Amino acid sequence: MALNQALSAVILVTCVACYYNSTHCDFVFDDISAIKENRDLRPHTPLSNLFFNDFWGTPMHKEQSHKSYRPLCVLTFRLNYLFGQLEPLGYHLVNVLLHSIVCLMYFRMCSMFLPDLASFVAAMLFAVHPIHTEAVTGVVGRAETLSSVFFLAAFLFYSKATKNKKCTEWKHLTLSVVSIATAMLCKEQGITVAGVCATYELFVIQKIKLEDMRQFLKSAMTAKSSYHLPKSNAATKRLLLLFLTTLLLLLGRLQIMGSQLPVFTRFDNPASVAPSPSRQLTYHYLISVNLWLLLFPCSLCCDWTMGTIPIVDSLLDPRNLSTLASYMFLLLMIGTAFVTENRHQSVVLLMSTSLLVLPFIPASNLFFPVGFVVAERVLYMPSMGFCMLIGYGWQILRCKVGKKLAWSLACLLIVSHGAKTYLRNWDWENEYTIFMSGLRVNQRNAKLFNNVGHALESQGKFLEALQFFKTAVSVQEDDVGAYINVGRTYNHLKMYKEAEEAYLKAKSLLPKAKPGESYQARIAPNHLNVFLNLANLISKNHTRLEEADMLYRQAISMRADYTQAYINRGDILIKLNRTKEAQEVYERALLYDSNNPDIYYNLGVVFLEQGKASQALAYLDKALEIDPDHEQALLNSAIVLQEFGRPEFRKTARERLLKLLVKDKSNERVHFNLGMLAMDDKDIEEAEHWFRRAVHLKADFRSALFNLALLLADDMRPLEAAPFLNQLVKYHPDHVKGLILLGDIYINNIKDLDAAENCYKRILELEPDNIQGLHNLCVVHVERGKLLEAQSCLEEAHHLAPEEDYIIKHLTIVQNRISKLNLNEDIAEPKEKSKVVSNKSVDENEKKTQPVVSKDTEKQRYSSRVVNTEPMFVKNLDSTQEYPNLTIEGEVGGPSKDNSSRRTDEDDPSSGMS
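Counting starts from 1 at the beginning of each chain's written sequence and moves along it residue by residue. Local features are withheld for residues below a pLDDT of 70 in this predicted model, meaning they are given only at 70 or higher, and side-chain atom pairs are given and counted only at 80 or more; totals for whole chains, interfaces and linings count all residues. Side-chain measures here rest on the full set of heavy atoms in the structure, leaving out hydrogens and waters.

Engineer: Is there a simple way to think about the overall build of the protein in this case?
Structural biologist: Note on conventions: DSSP H or I runs of at least 4 residues are helices, E runs of at least 2 residues are strands, and numbering of each starts at the N terminus. When helices and strands are counted, the protein shows 39 helices and zero strands. Partly exposed residues are those whose accessible area sits between 20% and 50% of the maximum for their type, while under 20% is buried and over 50% is exposed, using a 1.4 Å probe and protein chains only. Across the 914 residues of the protein, 55% fall into the buried class. For the protein, the proportion of contacts with a sequence separation of at least 24, taken over those separated by at least 6, is 68%. For accessible areas, the Shrake-Rupley method is used with a probe of radius 1.4 Å. Any residue's cover is judged against the shown protein chains and nothing else. Within the structure as shown, the protein displays about 39400 Å² of accessible surface, and the carbon and sulfur contribution to it stands at 58%. Any two residues whose heavy atoms approach within 4.5 Å at even a single point are treated as in contact.

Engineer: What's the story with the state of the cysteines in this structure? I'm lost.
Structural biologist: Note on terminology: disulfide describes a covalent bond linking the sulfur atoms of two cysteines. Any cysteine sulfur atom paired with another within 2.5 Å is treated as part of a disulfide. This model, assessed by the stated rule, comprises one disulfide. There is a disulfide in this structure between Cys778 and Cys793, and the S-S distance comes to 1.9 Å. In this structure the cystine formed by Cys778 and Cys793 twists about its S-S bond by roughly -80°; its chirality is therefore left-handed. Taken together, the residues span a long stretch of sequence, with Cys778 in helix 36 (residues 771-784) and Cys793 in helix 37 (residues 787-800) at a distance of 15 residues.

Engineer: Just to check I follow, could you spell out the packing of helix 20 (residues 480-492) against helix 21 (residues 496-508) for this structure?
Structural biologist: When two helices pack together, their arrangement is given by the angle between their axes and by how far apart the axes lie. Only the stretch in contact is used when a helix axis is fitted, and all axes are lines through C-alpha atoms; the angle between N-to-C directions ranges over 0 to 180 degrees. Interhelical geometry of helix 20 versus helix 21 gives an angle of 165° and a closest axis separation of 7 Å. Considering their axes alone, helix 20 and helix 21 lie roughly antiparallel with respect to each other. For helix 20 against helix 21, the interelement crossing comes out left-handed. Contacts between helix 20 and helix 21 pair Val480, Tyr483, Ile484, Val486, Gly487, Arg488, Tyr490 and Asn491 from the former with Tyr496, Glu498, Ala499, Ala502, Tyr503, Lys505 and Ala506 from the latter. Here the residues of the contact of helix 20 with helix 21 sort into 10 nonpolar, two polar and three charged. Each angle receives one of four descriptions, namely roughly parallel if under 35 degrees, roughly antiparallel if over 145, roughly perpendicular if within 65 to 115, and oblique otherwise. For any pair of crossing helices, the crossing counts as left-handed if the nearer helix is rotated counterclockwise from the farther one by less than a right angle, and right-handed if it is rotated clockwise. Just so you know the grouping, Ala, Val, Leu, Ile, Met, Phe, Trp, Tyr, Cys and Pro go in nonpolar, Asp, Glu, Lys and Arg go in charged, and all remaining residues, Gly too, go in polar.

Engineer: Is there a simple way to explain unusual backbone geometry in this structure?
Structural biologist: Leave glycine aside and you will find that most residues have negative phi; peptide bonds, for their part, are mostly trans. Pro277 follows Ser276 through a cis peptide bond whose omega is 0°. The residue Pro277 is located in the loop between helix 11 (233-257) and helix 12 (278-295) in this model. Here Met306, not a glycine, exhibits a phi torsion of approximately 55°, which is positive. Looking at where Met306 falls in the secondary structure, it is placed in the loop between helix 12 and helix 13 (320-339). Taking the relative accessible area as the measure of exposure, Met306 reaches 4% and is therefore buried. One non-glycine residue, Asn365, adopts positive backbone phi at about 70°. Examined against the element boundaries, Asn365 turns out to sit in the loop between helix 14 (343-357) and helix 15 (382-400). A residue is classified by how much of its surface remains accessible, and Asn365, at 3% relative accessible area, is buried.

Engineer: Which parts of the structure should I look at to understand empty space enclosed by the protein?
Structural biologist: Regions of empty space are outlined by a rolling probe, equal in size to a water molecule, passed over the atoms. A cavity here means a set of points on a 1 Å grid, drawn over the protein atoms and nothing else, where a 1.4 Å probe fits but cannot get out; a pocket is an open set with protein on both sides within 12 Å along at least five of seven lines, and a residue lines either one if it has an atom within 4 Å of a point. Grid points are joined across faces, edges and corners, and a volume is the space filled by probe spheres set on the points. Going through the model one piece at a time under the given rule, you end up with three cavities of 30 Å³ or more. Roughly 60 Å³ of volume is contained in the largest cavity. Its residues assigned to classes, the lining of the largest cavity shows five nonpolar, two polar and four charged.

Engineer: Quick question: what am I supposed to make of the pattern of salt bridges here?
Structural biologist: For side chains of opposite charge, pairing can occur when their charged atoms come near one another. Salt bridges are identified by distance alone: a Lys or Arg side-chain nitrogen within 4 Å of an Asp or Glu carboxyl oxygen. Counted by the stated rule, this structure contains 36 salt bridges. Ionic pairing is found between Glu625 and Lys622, a salt bridge with its closest N-O pair at 3.5 Å. Within this pair, Glu625 and its partner Lys622 are both found in helix 27 (residues 613-626), separated by three residues, close to a single helical turn. Exposure remark for Glu625: the relative accessible area of 55% places this residue in the exposed category. What emerges from the salt-bridge pattern is a single network uniting Glu688, Arg692, Asp715, Arg717 and Glu720.

Engineer: Can you walk me through a nonpolar patch on the surface in this structure?
Structural biologist: The grouping of Leu240, Phe243, Leu244, Leu247, Leu248, Leu251 and Leu254 at the surface amounts to a nonpolar patch, some 680 Å² of accessible area in total. Following the sequence through the fold, Leu240 ends up in helix 11. Judged by its relative accessible area of 49%, Leu240 falls in the partly exposed class. To count toward a patch, a residue needs a relative accessible area above 30% and no salt bridge. Like charges then connect within 9 Å, nonpolar side chains (Val, Leu, Ile, Met, Phe, Trp, Tyr) within 5 Å.

Engineer: What's the story with helix 1 (residues 2-19) in this structure? I'm lost.
Structural biologist: Think of an α-helix as turning once every 3.6 residues; residues three or four places apart then point the same way. Here the expected span of a helix is defined as 1.5 Å times the quantity of residues minus one. When the terminal C-alpha atoms of helix 1 are compared, their 26 Å separation across 18 residues agrees well with the 26 Å that a helix rising 1.5 Å per residue should span. Each element contacted by the buried residues of helix 1 is listed here: helix 4 (88-110), helix 5 (116-128), helix 6 (133-136) and helix 16 (403-427).

Engineer: In this structure, what is going on with the confidence of the model for the protein? I would like to understand it.
Structural biologist: A low pLDDT means the predicted coordinates there should not be read in detail. Of all residues in the protein, 87% have pLDDT values of 70 or greater, and the mean over the chain is 84. Scored from 0 to 100, pLDDT records how confident the predictor is in each individual residue. Every residue in residues 827-914 scores below 50 in pLDDT, and together they form 306 contacts with partners more than four places removed in sequence or on other chains.

Engineer: Even after reading the chapter, I still don't get helix 8 (residues 170-186), so can you show me in this structure?
Structural biologist: Given a rise of 1.5 Å per residue, 17 residues ought to cover 24 Å, and the 24 Å separating the end C-alpha atoms of helix 8 matches this to within 8%. Where helix 8 is concerned, the buried positions are His172, Leu173, Ser176, Val177, Ser179, Ile180, Thr182, Ala183, Met184 and Cys186.

Engineer: Even after reading the chapter, I still don't get the nonpolar core, so can you show me in this structure?
Structural biologist: Considering soluble globular proteins, one finds that nonpolar side chains tend to be buried as a cluster. What makes a nonpolar core is a set of buried Ala, Val, Leu, Ile, Met, Phe, Trp, Tyr and Cys residues whose side-chain atoms join them at distances within 4.5 Å. Counting residues in hydrophobic clusters, the biggest one holds 193 residues, and the most contacted among them are Tyr106, Met109, Phe113 and Phe155. One finds Phe724, Ala755, Leu774 and Ala801 within the second-largest nonpolar core, a separate group that totals 54 residues.

Engineer: What is the right way to look at the environment of Ser299 in this model?
Structural biologist: Counting through the fold element by element, Ser299 comes out in the loop between helix 12 and helix 13. Ser299 sits in the partly exposed class, given a relative accessible area of 40%. Separated by 143 residues in the primary sequence, Ser299 and Asn442 have C-alpha atoms spaced 8.6 Å apart.

Engineer: What exactly am I supposed to notice about the environment of His344 here?
Structural biologist: Tracing the sequence through the fold places His344 in helix 14. Along the primary structure His344 and Leu114 are separated by 230 residues, whereas in three dimensions their C-alpha atoms are 8.6 Å apart. Not counting residues within four places of it along the chain, the set of residues in contact with His344 comprises Phe113, Leu114 and Tyr392.

Engineer: For this particular structure, what's the right way to read the packing of aromatic side chains?
Structural biologist: By convention here, two paired aromatic rings are described through the distance between centres and the angle between planes. Two aromatic rings, drawn from Phe, Tyr or Trp (for Trp, its six-membered ring), form a pair once their centres lie within 6.5 Å of each other, and the interplanar angle then sorts them: stacked below 30 degrees, edge-to-face above 60, tilted otherwise. Tallied over the full model, the rule gives 20 aromatic pairs. Look at Tyr600 and Tyr619: their rings are 6.4 Å apart centre to centre, the planes differ by 25°, and that puts the pair in the stacked class. A residue pair is termed long-range when its members are at least 10 positions apart, and Tyr600 in helix 26 (residues 597-609) and Tyr619 in helix 27 qualify at 19 residues. The exposure class assigned to Tyr600 is buried, which follows from its relative accessible area of 11%. Among the residues examined, Tyr619 registers a relative accessible area of 24% and is labelled partly exposed. Between the aromatic rings of Phe607 and Tyr619, the centroid separation amounts to 5.3 Å while the plane-to-plane angle is 10°, which identifies the pairing as stacked. With a gap of 12 residues between them, Phe607 in helix 26 and Tyr619 in helix 27 connect regions that are remote in the sequence. Aromatic rings pair up to connect Tyr20, Tyr422 and Trp426 into one cluster. Here, a charge over a ring means that NZ of Lys or CZ of Arg falls within 6 Å of the ring centre while also lying within 35 degrees of the ring normal. Above the ring of Phe649, the side-chain terminus of Arg646 is found at 4.4 Å from the ring centroid. Of note, Arg669 hangs over the ring of Phe701, and the distance from its end group to the ring centre comes to 5.8 Å.

Engineer: Is there a simple way to explain the packing of helix 36 against helix 38 (residues 805-823) in this structure?
Structural biologist: For the pair helix 36 and helix 38, interaxial distance at closest approach is 12 Å and the crossing angle is 20°. It follows that helix 36 is roughly parallel to helix 38 by the angle criterion. Relative to helix 38, helix 36 is oriented so that their crossing is left-handed. Contacts between helix 36 and helix 38 involve Ile771, His775 and Val782 on the former and, on the latter, Tyr806, Ile807, His810, Val814 and Arg817. Residues of the contact of helix 36 with helix 38, tallied by class, amount to five nonpolar, two polar and one charged.

Next comes the structure, spelled out in structure tokens:
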């Protein structure tokens, strides 16, 4: 007992030593889709969704679902998110803990068939085997480790239930059945433990031999029922329960899948679309590849899809020899187990073979195609049988050759494997390192080149990324995703002509429609992104909006449930001022995805465009009900609430903005709108604080610069306002009202008439009919004493705006001065100076909502005033409150499993994506 505890402690320490560096790794590869982009992890998502959606958060009934049903594994991710949000450390710690538990349980199971020291060697090899790095270091590998916990628990409980051959421990058998179901709900492979338990019952407990099986078959063929297998009624009941449990679980699984297999493309698994006999020869050859990875885990790769393993085209292919060798090895193991007189050897060989073969069957492609060629993570369970064989072989070596040599070889194997595992963990540090490690051993997989390109693209290294994308095209010339990536990168580099050509090439590679055959069953959903990317590119030219709309309609015709196409088409319709059609498009999208917060958000945008703020707020609130962290809905609903002008609404608006601030302290728009709320509350000090923070975060933030300057000027601090106005006109030389306010300060405070004159002349260059600018230029002439020029200037202003009384008044004053000058050479000081005027009304055009999702979108309003010699605070004179539409502004495609990337436009951080 003490020895077992000591050995268990060594195994535990070894697990931690091998995998502690994995806690420094980020989310990579499939982790992005399963963790970062999976809404089922968020606390606001109903818990029941886990039991209706697949591993990636896609509803099981949808055609694009991978049909991987693992709700209990997703539940553990959700718990991780609850305690640590998207901090990778917590997820990796749980994975290491689960692997450690599996190793200890595996040691206990091996002890049922091997001596303690041999079990220890097997467990140590299992703990350090490099093939497990994908299952342990990759976060999504938790499906393997968690399922293995219940896999082993089911077997251990079953072994306890069979201690008495003639009597069943029903408590333990019930726990075993529950564990089988739980293992399956963690990952599909878990159900294979039922076969392992059946093997244990028949050949270990009931001691069925080859002769018994012959007698049973002979009896069955002669229609005589005198010979029963097994011989015990208790065993028959146990096996019957195992069979019924397995059958019910499989039927339930088929029901959840909708009796529909997932759809995979030839890029995921080329052999699945190869003709016979190439398909069968390749599938059987893959068995030898997996055995080789267990035996020599040297050339490990995170992705074995596409052209990694060429198709076995004929019987003359020399690789068929390795297939024969693999089957001969397995047959030799089974044959030896049945013919040997050594009972212990027979048991070990049968159990290790069942552990090696049965868990691998669901991933073997032999009964149904899977979405990969080889996946190292699926060897986690089968490696239990392999390691048990090694432990048994070590025991034979120890007895026949000697302890010293046996221990030396065991230590060499464990240390070398442990070192390989430790170093392999660093490959999973980030997306660039993991995909580059794959390219070091695999140059035939275009997907690896694509994903290295995505990693570089995310770092802004577009030229380097472009080279990898082009290499992917050369490796796999018909890879639609590679051309999409090339086009997107050209778009980043502002090489729009080349980008369009790449997208058109990708579009030409899509499968052509065939009469009577569902198109969507023959195309990868992510490949339809070419329509979105091409449409987004050409929609930058407003004369091609109709052409972009046609592309979106074409994408929808190919896949009716393609919600992203609906979302982007709605944006185009809004730009075309067809808001009613946009509303209908979004409402149709809800038929296919009623829990998509982005669609509700866009409907809110549509109603804002229609001037229906109350209805817009209802849809924005609905988006927040589904996703309380929806950033665009939080920001824009806060702005709408702010615009209602009611104090109770301002409180809710402030709460939403502060929530956004916690999520992202660098969002200058949040700071700005908090400043606007403070202005509503007449809290000048707080408003100044928020505006200064916004300007600090974005030096060219137009509205923050103007409103801060306005606030300072109205607070009798015009000299503090002047630098911000100069900064404003530096970045935005067309900001007319900023120029008017700056000219006012130059005249009344700084006394720099030349600078003021330049401001007003700049205004007239931009807007020749701007009455305020022209009038204030007239005032500069008055201040200079150039009365004749002032008279001419005011007459022009009066001609442009004959109804303005202040112009008539000031023109009369100047004419009177000129008359006095003509009558008397001694000119006295004028009794009344002209005043620089201000327009005290709100410019309704400035308040109007601007076009949705444009490059200059800023979701805020500006408060402004024009020049006035008497300080007066007038709000909303430069108010442009905008509500950007949620759409893909730019590109689709990226580093996750489907080669799709999601990004927002840097010039418009407020633009969203679904």
